[in-house]
Amino acid sequence: MVRNRRPFYGGEDVNSLEFTSSSASAAIFNDKTTFEAAASIAGNLALETFDSFTGPILQLSSLGITFNPMNAGIQPHSILANCPGPTFSSPNALVNNNACSFPGRGSIVFQPMNPSNGIVGVGFFNTGGDDTLQLSAFDASNNLIEQATVSGSNLNPNSFKFLGIVTSIPASRIEISPVGGNGLFSIDNLQVATKSIQSVPEPSIILGLVTLGLGALFSKKHKQDDNNDD
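The structure displayed is predicted, hence computed values, not measured ones.

K.L.:
Hey, could you go over the overall build of the protein for me, with residue numbers and the actual values?
P.N.:
When its secondary structure is counted, the protein shows two helices and 16 strands. In the protein, buried positions account for 43% of the 230 residues. Residue pairs in contact within the protein that sit at least 24 positions apart in sequence constitute 67% of those at least 6 positions apart. For the protein, the accessible surface area stands at approximately 11400 Å², while carbon and sulfur atoms represent 54% of it.

K.L.:
Could you give me a rundown of the packing of aromatic side chains, with the residues and numbers involved?
P.N.:
Following the criterion strictly, the structure yields four aromatic pairs and no others. Relative to Phe110, the ring of Phe67 has its centre 5.7 Å away and its plane inclined at 70°; by these criteria the two rings are edge-to-face. Within this pair, whereas Phe67 is found in strand E7 (residues 65-67), its partner Phe110 is found in strand E10 (residues 108-112), the two being separated by 43 residues in sequence. Each member of the pair, Phe67 as well as Phe110, carries the same accessibility label: buried. Residues Phe125 and Phe162 carry aromatic rings whose centres are separated by 5.2 Å and whose planes lie at 65° to one another, so their mutual orientation is edge-to-face. Placement of Phe125 in strand E11 (residues 117-128) and of Phe162 in strand E14 (residues 161-171) is noted, with a sequence separation of 37 residues between them. Here the two residues Phe125 and Phe162 agree in accessibility, since each one is buried. One aromatic cluster is present, formed by Phe29, Phe35, Phe125 and Phe162 through successive ring pairs. In this structure, Arg173 packs its charged tip against the face of Phe138, placed 4.0 Å from the ring centre.

K.L.:
Explain the side chain of Thr132 to me, and be specific about the residues and the numbers.
P.N.:
Within the secondary structure layout, Thr132 lies in strand E12 (residues 132-138). Judged by relative accessible area, Thr132 falls into the buried class, the value being 18%. Setting aside chain neighbours within four positions, we find Thr132 in contact with Thr149, Val150, Ser151, Gly152, Ser177, Pro178 and Val179.

K.L.:
An account of the pairing of strand E9 (residues 92-95) is needed here, citing residue identities and associated values.
P.N.:
A two-sided burial pattern is seen for E9, the buried positions comprising Asn92 and Leu94 on one face and Ala93 and Val95 on the other. Strand direction decides the pairing type here: strand E8 (residues 77-80) and E9, joined by four bridges, are antiparallel. Note on E9: the bridge partner recorded for Leu80 is Asn92. Looking at chain direction, E9 and strand E16 (residues 186-196) are connected through two bridges and run antiparallel. Considered in E16, the bridge of Val95 is made with Ser186.

K.L.:
Any chance you could break down the confidence of the model for the protein for me, citing the residues and the numbers?
P.N.:
Considering every residue of the protein, the mean pLDDT works out to 79; 70% of them sit at 70 or more. In the predicted structure, residues 1-23 sits below a pLDDT of 50 and forms 56 contacts with residues beyond four places in sequence or in another chain.

Conventions and cut-offs
Residues numbered from 1 in each chain as written. Predicted model: local features only at pLDDT ≥ 70, side-chain atom pairs only at ≥ 80, totals over all residues. Heavy atoms only, no water. Helix = DSSP H or I, 4+ residues; strand = E, 2+ residues; numbered from the N terminus. Buried < 20%, exposed > 50% of the residue type's maximum accessible area, 1.4 Å probe, protein only. Contact = heavy atoms within 4.5 Å. Areas by Shrake-Rupley, 256 points an atom, 1.4 Å probe, with all protein chains shown as cover. Phe/Tyr/Trp six-rings, centres within 6.5 Å; stacked < 30°, edge-to-face > 60°. Lys NZ or Arg CZ within 6 Å of the ring centre and 35° of its normal. Pairing = 2+ DSSP bridges. pLDDT = per-residue confidence, 0-100.

Right under this line is the structure:
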């Protein structure tokens, strides 16, 4: 069961999606199809199933993200479904440990590979273990934009739970953390939507543009005055 502090969405018309939270910044989804539609509107959405990966993952160019090291300085791993561990997703899933060994290795944290991009949508399935997973989005100043949770699968492959967030404030860091359970978890079908962040011009640049504009205006007026004198 998805638990959230702000409204979440199922089958609403995402073309008229409004951010109704107190900060008017984010919407939470427990339905994959509706999330995909909303995230595609918000930015460029891409999917990674981890089916072609095994071993540690430093970054995923397919999603435009890079992973931070977890506890003990290791990276999240993609492992086979028949590995002695928590995952039932087939054939591969992303796990917060090393080669299916206990204990869990902490939160999976990622950020855009290109600092000029921001993450405006994140969605995934909780595919193994008994941990409730907490999805958190942070802005460039490390302020929390939105946070939501999704329950564990209870080792039942038919009870995978989806969680997604779409935000109007681009996130510069995403964290997926275990809450309760044994700290060992896996996710699959990770989807990330990114968009280019418009940089704010430096004050000197703005002043230069204003000066240039005023100069052009006075020059035009001066020519008009000369023509009137003629």
